[in-house]
Amino acid sequence: MRRKPSILLSSAALLLGAAGTGDALASPRPAASGSARTPSFLDGGRRVAVERLGPAALGASGGSLSPVRLHYPDGRTVQASVGATAIVKVDPGAEGELAGAGLEVVRPLMPSIGLWLVRDTGGGDGLDLAERLQGAARPASLREAIPDLHVRLAARGAPFTPDDPRLPGQWYFADLRMEEAWGRTRGDAATSMVVIDTGCDLDHPDLASKMDPGLDVIDRDDDPTYKPGAAGVNHGTACAGLVAADTDNGVGIAGGCPECRLRCVRLLDDEAQPISTSVDAFEFALQVNAAVVSNSWGYAEPMPVPRVVEDAIDRLFDAGRDGKGALVLFAAGNDDREILDDEIQAVRGVLNVGAVNHLEEETSFTNRGSSLDLVAPTGTLSTDIAGREGDSPDDYTSLFGGTSSACPVAAGIAGLLVSAAPERTSVELYDILIRTARPAPYAIPDENGHDPIFGHGIIDPVAALREVLGDEPPPPDEGGEDAGGDEQAGCACAAAGAPPGERRGLAIAALLGLAAARRRRAAGARRGG
């Protein structure tokens, strides 16, 4: 059902709008000890302590306003101002009792539920009045009394531009209208993002404050720091920066999910690794309750995905995130070839991400195939290992690219979506990302809305967030397909392998109906159950 546009109406006055007969003022304010009493008022039974911050001053509307800080029981604080008026709620028809309590009615607010704007005939501001009306002398019909607080309002969709100095160089975020997306949500610290790659520079100035404990599945310890001297060693650090670099901190770049938390897993180096290490990596993501897992890697020589690895990914997709499922993204790979349906990118639980350039054209390297879900622009500017190990003399590189960089760009967007709709399942969120994708201008979609090079289109964070937040109707279902991907150009990581042609279509069809099922690829079963 369509909801009205979400507006952050944080005025405490709005809290009075709900009808109800409970007497929120029934319990009087505890007696203060001494003259250092902290003023407070009851708001719907919630006691709000008020800190006066200074003398009154003339407000923009001409009235006198006193700055205050509100302290809520759960620890939140809000800056506000208090004028001369308060809002009271009385039993309907009992407004005549207000004058007897020394109140002057300024105007009715919602008289059908007994809301009136009043001022104290004896002087004092709205906070003084709200406190006085909590005492024993209040009218028997009085249900609520709070100061008419002046607080800032903000439209949820208002663009947010962080102050990171290198943001202008992040053209890929501009192409995706990320500032508009960030105006809707900047993510949530409860949303954990795992980057499985070459390890990370845990001390990077744009990553250190975002990092939670990780894992090295190669050395079997809890230090996921990159291995000095290994080829492509900066790869994991660059991926992590695109996913969730520290944002609006006056340093470096912005990350796709600014408020999300990061964990790194070191899985890749110069040596061949046992299959068990991949399973270890996905098990770690399962155990830490990861919401999104970014994988810009695959098998150097294209091969069918080992069933145990497939099972591990599907387990994470089905049972991760407290049973709602984790979003597992893979880069499509950079071999300029077709991905077969038994490769890792085509696993049921994988969202397969290809790459487009600044003109939304296909890149010369991106892999293609029926399992490709979406494309994203390449994140060419990202965090870099400091010193000789990095790709550039400073802490940032403009040399990142390939589907390796498109995948973490998409992963950051997936983090925003999980943060905005944490109750949605992985199946639902995959479907939303695919269904709200923007048509790629050079795609030639088939009858299911899928193109082997562009998948179902270009990931669109604004459209996806609009749908889950309910402030605009979702786009019409046009049919489309799914994805799976690996990677290999410009990095030591390579292409992948995945399960035979089954996908998520059956689960989506059962959940969202035949219209959504049409969006799944022709094999139609890979994310099914």
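Residues numbered from 1 in each chain as written. Predicted model: local features only at pLDDT ≥ 70, side-chain atom pairs only at ≥ 80, totals over all residues. Heavy atoms only, no water.

Chemist: Could you give an account of empty space enclosed by the protein, with specific residues and numbers?
Modeler: With the rule as written, the count across this model stands at one cavity of 30 Å³ or more. Approximately 40 Å³ is the volume attributed to the largest cavity. Asp175, Leu176, Val356, Asn357, Glu360, Pro377, Arg438 and Ile458 are the residues that line the largest cavity. Class assignment of the residues belonging to the lining of the largest cavity gives a composition of four nonpolar, one polar and three charged. (1 Å grid on protein atoms, 1.4 Å probe; cavity = no way out; pocket = protein on both sides within 12 Å on 5 of 7 lines; lining within 4 Å. Points joined across faces, edges and corners; volume = space filled by probe spheres on them. Nonpolar A, V, L, I, M, F, W, Y, C, P; charged D, E, K, R; others polar.)

Chemist: Residues and numbers for the side chain of Arg266, please.
Modeler: You can see Arg266 is positioned in strand E14 (residues 261–266). Judged by relative accessible area, which is 2%, Arg266 ranks as buried. Side chain to side chain, Arg266 and Asp216 meet in a polar contact 2.7 Å long. Polar side-chain contacts of Arg266 include one of 3.3 Å to the side chain of Asp269. In contact with Arg266, other than residues within four places in its own chain, are Asp197, Thr198, Gly199, Leu215, Asp216, Val217, Ile218, Asp219, Pro224, Thr225 and Lys227. (Helix = DSSP H or I, 4+ residues; strand = E, 2+ residues; numbered from the N terminus. Buried < 20%, exposed > 50% of the residue type's maximum accessible area, 1.4 Å probe, protein only. Polar contact = N/O pair within 3.5 Å; in protein donor to acceptor, adjacent residues only side chain to side chain. Contact = heavy atoms within 4.5 Å.)

Chemist: I'd like to hear about the confidence of the model for the chain, residue by residue, with values.
Modeler: Of all residues in the chain, 80% have pLDDT values of 70 or greater, and the mean over the chain is 81. Predicted confidence for residues 26–35 stays below pLDDT 50, and this span has 12 contacts to residues more than four positions away or in other chains. Note on residues 477–526: pLDDT is under 50 here. Beyond four places in sequence and across chains, it has 248 contacts. (pLDDT = per-residue confidence, 0-100.)

Chemist: Give me the lowdown on the state of the cysteines, citing residues and values where you can.
Modeler: Inspection of every chain in the model, using the stated rule, returns two disulfides. The side chain of Cys200 participates in a disulfide bridge whose partner is Cys264; the two sulfur atoms lie 1.9 Å from each other. Between Cys200 and Cys264, the disulfide has an S-S torsion of -70 degrees and is therefore left-handed. Of this pair, Cys200 sits in the loop between strand E12 (192–197) and strand E13 (215–216) while Cys264 sits in strand E14, placing them 64 residues apart in sequence. Judged on exposure class, the residue Cys200 and its partner Cys264 are both buried. Through a disulfide, Cys257 is tied to Cys260; the S-S separation comes to 2.0 Å. Look at Cys260 and you get buried, because its relative accessible area is 0%. (Disulfide = S-S within 2.5 Å.)

Chemist: I'd like a rundown of the pattern of salt bridges, residues and numbers included.
Modeler: Note on pairing: side chains with opposite charge can pair once their charged atoms come close. Scanning all chains against the criterion turns up 26 salt bridges. For the salt bridge of Glu180 with Arg184, the shortest nitrogen-to-oxygen distance reads 4.0 Å. Here the residue Glu180 and the residue Arg184 both occupy positions in helix H3 (residues 178–184), the gap between them amounting to four residues, near one helical turn. Take Glu180 and Arg184: they sit in the same class, and that class is buried. One continuous salt-bridge network, built from bridges that share partners, spans Arg177, Glu180, Arg184, Asp460 and Arg466. (Salt bridge = Lys/Arg side-chain N within 4 Å of Asp/Glu carboxyl O.)

Chemist: Could you give an account of the environment of Asp125, naming the residues involved and the relevant values?
Modeler: Looking at where Asp125 falls in the secondary structure, it is placed in the loop between strand E9 (115–120) and helix H1 (126–132). Among the residues examined, Asp125 registers a relative accessible area of 14% and is labelled buried. Distance from Asp125 to Gly83, taken between C-alpha atoms, is 5.9 Å for residues 42 residues apart in sequence. When near neighbours in sequence (up to four residues on either side) are disregarded, Asp125 contacts Arg52, Ser66, Val82, Gly83 and Ala84. A distance of 3.0 Å separates polar atoms of two side chains, one belonging to Asp125 and the other to Arg52.

Chemist: Explain the packing of helix H4 (residues 235–244) against helix H7 (residues 402–420) to me, and be specific about the residues and the numbers.
Modeler: Closest axis-to-axis distance for the H4/H7 pair is 7 Å, and the angle between their directions is 35 degrees. Considering only the axes of H4 and H7, their crossing is right-handed. For the pair H4 and H7, the contacting residues are His235, Cys239, Leu242 and Val243 in the first and Ser404, Ser405, Pro408, Val409, Ala411 and Gly412 in the second. Taken together, the residues of the contact of H4 with H7 break down into six nonpolar, four polar and no charged. (Axes fitted to C-alpha atoms, helices over the stretch in contact; angles between N-to-C directions. Left-handed = near helix turned anticlockwise from the far one by under 90°.)

Chemist: Any chance you could break down the sheet that holds E12 for me, citing the residues and the numbers?
Modeler: The seven strands are arranged E13-E14-E12-E15-E16-E17-E18 in an open sheet whose pairing can be described as parallel. Every other strand in the sheet has two partners, leaving E13 and strand E18 (374–377) as the edge strands with one partner each. Summarising the sheet, E12 and E14 pair through six bridges and their orientation is parallel. Paired with Asp197 across the bridge in E14 is Arg266. Strand contacts of H4: E12, E14 and strand E15 (292–295), with the helix running at about 160 degrees to E12, the strand carrying the most contacts. (Pairing = 2+ DSSP bridges.)

Chemist: A description of the pairing of E12 should follow, citing residues and the corresponding values.
Modeler: Burial analysis of E12 places six of its six residues in the buried class, the great majority of the element. Residues Ser192, Val194 and Ile196 point to one face of E12 and Met193, Val195 and Asp197 to the other, with burial holding for every one of them. In the sheet, E12 pairs with E15 via four bridges, with the strands oriented parallel. Bridging from a neighbouring strand, Met193 pairs with Val292 of E15.

Chemist: So what's going on with the packing of helix H8 (residues 426–435) against helix H9 (residues 461–469)? Residues and values would help.
Modeler: Direction vectors running N to C along H8 and H9 enclose 130 degrees, while the axes themselves pass 8 Å from each other. By the angle between their axes, H8 is oblique relative to H9. H8 and H9 meet at a crossing whose hand is right-handed. Contacts between H8 and H9 pair Ile432, Leu433 and Arg435 from the former with Ala464, Glu467 and Val468 from the latter. Tallied by class, the residues present in the contact of H8 with H9 amount to four nonpolar, no polar and two charged. (Parallel < 35°, antiparallel > 145°, perpendicular 65-115°, else oblique.)

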